[in-house]
Amino acid sequence: MKRYYIAGNWKMHKTVAESVALAKALVRDLADCKDRVMIAPAFTALAAVAEAVRGSNIVLGAQNMGPDIQGAHTGEVSPLMLRDLGVSSVILGHSERRHSYFETDELINRKVLLALDHGLELILCVGETLAEREAGRLEDVVGFQVREGLKGVSAAKMASVTIAYEPVWAIGTGKTATPEDADMVHAYIRSVVSSLFDKAIAEALVIQYGGSVKPDNAVELMAKVNIDGALVGGASLKAETFVPIAQFR
Ligand code: PGA
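From a predicted model like this one, the values you see are computed outputs, not experimental measurements.

J.: Can you help me understand the environment of L150 in this one?
T.: Tracing the backbone shows L150 in the loop between α7 (138-149) and β6 (161-165). Overall, the relative accessible area of 4% leaves L150 in the buried class. When the C-alpha positions of L150 and P215 are compared, they lie 31 Å apart, and in sequence the two are 65 residues distant. When near neighbours in sequence (up to four residues on either side) are disregarded, L150 contacts N109, L124, M158, V161, I163, V193, L196 and F197.

Next comes the structure, spelled out in structure tokens:
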């Protein structure tokens, strides 16, 4: 049976105490969840949330990471520091990083390679803007982000890579791609990965959909053959909305 992967990206929300309270609620409510669940609190809450999820089935993720191991990089966090806290996964190339902080595909690729080199799993986010979609450039843009993001990644390391398709126009807007639209883009991403590696790797790849995933649209999105999970923003901030998404079946 297919195992889905549901991740919560808490973005720049919650104090340490609020983060721990939510993590504990999720540990309790999702103890029987058959699918994989990851939560990515703010950096400031990672250590405390690591304690809260220890021994549970919830994976601890970070929302970003610097492209270096250590040194004079003011404000950055390295994969070694994340590992040190018990983090096992990192979200890279989120559209807010690409658009608000001008992260390039080249920078994201450096982070991808570094994360994999240091034993972190990752979620590589890709997605087009509304203008790019309307200009008929969806496949160009998404294909480029996938190819550049995965440049230099070995076939063996692909087991540690998840891709999240997040159309920029659907993030935090209440607009979702239709399940059919999302499924088509996921199939395209799989074909790009197949051309980079092989069919078996492309078929095994977990591709999450992200962008206004809510309890009431999760079921129809997850029903699509190429949708293997969700990267959830707003609805991951409360147990009342995240738990039903993680338990959509
Ligand atoms: P959203 O965010 O669920 O609030 O649209 C998704 C994301 O940015 O990962």
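Text resumes after the structure shown.
J.: Would you mind going over the environment of G210 with me for this structure?
T.: Inspection of the secondary structure assignment puts G210 in strand β7 (residues 206-210). Along the backbone, G210 and G233 are 23 residues apart, and their C-alpha atoms lie at a distance of 7.9 Å. Excluding its chain neighbours within four sequence positions, the residues that come into contact with G210 are Y165, E166, P167 and L231.

J.: Looking at this model, I keep getting lost on the site of the ligand. Mind explaining?
T.: Lining the immediate surroundings of the ligand are 13 residues, of which K11, H94, E166, G172 and S212 lie closest. Contact between the ligand and K11: an oxygen atom at 2.7 Å from a side-chain N or O atom of the residue. Within the backbone of S212, one N or O atom sits 2.7 Å away from an oxygen atom of the ligand. Here the ligand loses 97% of its free accessible area of 280 Å² to cover by the protein chains.

J.: I tried to follow unusual backbone geometry on my own but got confused; where do I start?
T.: At K14, a residue that is not glycine, the phi angle is positive and equals roughly 85°. Of note in the backbone geometry, F102 takes a positive phi value of approximately 55° without being a glycine. Structurally, F102 can be placed in the loop between α4 (95-100) and α5 (105-117).

J.: Would you take a moment to explain the sheet that holds strand β8 (residues 229-232) for this structure?
T.: One key point about sheets: their strands pair by backbone hydrogen bonds, in either a parallel or an antiparallel sense. Around the barrel, 8 strands lie side by side as β1-β2-β3-β4-β5-β6-β7-β8; this closed barrel has parallel pairing. Neighbouring strand axes in the sheet, compared pairwise and without regard to direction, differ in orientation by 25° on average. With 5 bridges joining them, strand β5 (residues 121-126) and β6 adopt parallel strand pairing. In the strand pairing of β6, V126 is matched with Y165. Across the face of the sheet, α7 comes into contact with β5 and β6 while running at roughly 155° to β5.

J.: Please clarify how the pairing of β6 should be interpreted in this entry.
T.: Looking along a regular strand, one sees the side chains alternate between the two faces of the sheet. Counting buried residues along β6, 5 of its 5 residues qualify, which places the element largely inside the surrounding structure. A two-sided burial pattern is seen for β6, the buried positions comprising V161, I163 and Y165 on one face and T162 and A164 on the other. Both β6 and β7 contribute to a ladder of 4 bridges, which runs parallel. Counted as the bridge partner of T162 is V206 from β7.

J.: So what exactly am I meant to see when it comes to the nonpolar core here?
T.: Inside soluble globular proteins, nonpolar side chains tend to come together where they are buried. Formed by 74 residues in total, the largest nonpolar core has its most connected members in L26, I189 and V193. A per-element tally of this core places helix α8 (residues 179-196) first, with 6 residues. Other than its neighbours up to four places away in sequence, L26 contacts W10, A31, I39, I58, A239, F242 and V243.

J.: What is the right way to read the packing of helix α1 (residues 16-29) against helix α11 (residues 239-246) from this model?
T.: When two helices pack together, you describe them by how their axes are tilted relative to each other and by the distance separating the axes. The geometry of α1 relative to α11 is characterised by a closest axis approach of 10 Å and an angle of 35° between their N-to-C directions. As α1 packs across α11, the resulting crossing turns out to be right-handed. For the pair α1 and α11, contact is made by L22, A25, L26 and D29 and by A239, F242 and V243, respectively. Its residues placed into classes, the contact of α1 with α11 shows 6 nonpolar, no polar and 1 charged.

J.: What is the right way to look at the packing of aromatic side chains in this model?
T.: Each aromatic ring pair is characterised by the separation of its centres together with the angle its planes make. Within the structure shown, the criterion is met by 2 aromatic pairs. Judged by centre distance (4.8 Å) and plane angle (80°), the rings of Y4 and F248 are edge-to-face. Linking Y4 in the segment before β1 (5-9) with F248 in the segment after α11, this pair joins segments that are 244 residues apart in sequence. As far as burial versus exposure is concerned, Y4 and F248 are alike and both buried.

The rules behind each value
- Every chain is numbered on its own, with residues counted from 1 as its sequence reads.
- In keeping with the predicted nature of the model, local features appear solely for residues at pLDDT of at least 70, side-chain atom pairs appear and are counted solely at 80 or more, and the whole-chain, interface and lining totals rest on all residues.
- Here the side-chain values reflect all heavy atoms present in the structure, with hydrogen atoms and water set aside.
- Only DSSP runs of H or I reaching four residues or more are called helices, and only runs of E reaching two or more are called strands; each is numbered from the N terminus.
- The cut-offs for exposure are 20% and 50% of the maximum accessible area for each residue type, with area from a 1.4 Å probe on protein chains only; residues under the lower value are buried, those over the upper are exposed, and the others partly exposed.
- Contact definition: two residues touch when any of their heavy atoms are within 4.5 Å.
- Throughout this document, a residue counts as near a molecule or strand when at least one of its heavy atoms sits within 4 Å of that molecule or strand.
- Pairs of N or O atoms within 3.5 Å make up the polar contacts considered here, provided that, within protein, one atom can donate a hydrogen while the other can accept it, and that residues adjacent in sequence are counted only when both atoms are side-chain atoms.
- Working definition of accessibility: Shrake-Rupley area with a 1.4 Å probe, residue cover restricted to the visible protein chains.
- Strand pairing requires that DSSP identify at least two bridges connecting the strands.
- In this analysis an axis means a line fitted to C-alpha atoms, helices contributing only their contacting stretch, and an angle means the value between N-to-C directions, from 0 to 180 degrees.
- We define the nonpolar core as a collection of buried residues of types Ala, Val, Leu, Ile, Met, Phe, Trp, Tyr and Cys that are connected through side-chain atoms lying within 4.5 Å of one another.
- Left-handed describes a crossing whose near helix is turned anticlockwise from the far helix by less than a right angle; the clockwise case is right-handed.
- Only Asp, Glu, Lys and Arg are considered charged in this grouping, and only Ala, Val, Leu, Ile, Met, Phe, Trp, Tyr, Cys and Pro are considered nonpolar; every other residue, Gly among them, is considered polar.
- Ring pairs shown here join Phe, Tyr and Trp side chains whose ring centres sit within 6.5 Å, with only the six-membered ring taken for Trp; geometry is labelled stacked below 30 degrees between planes, edge-to-face above 60, and tilted in between.

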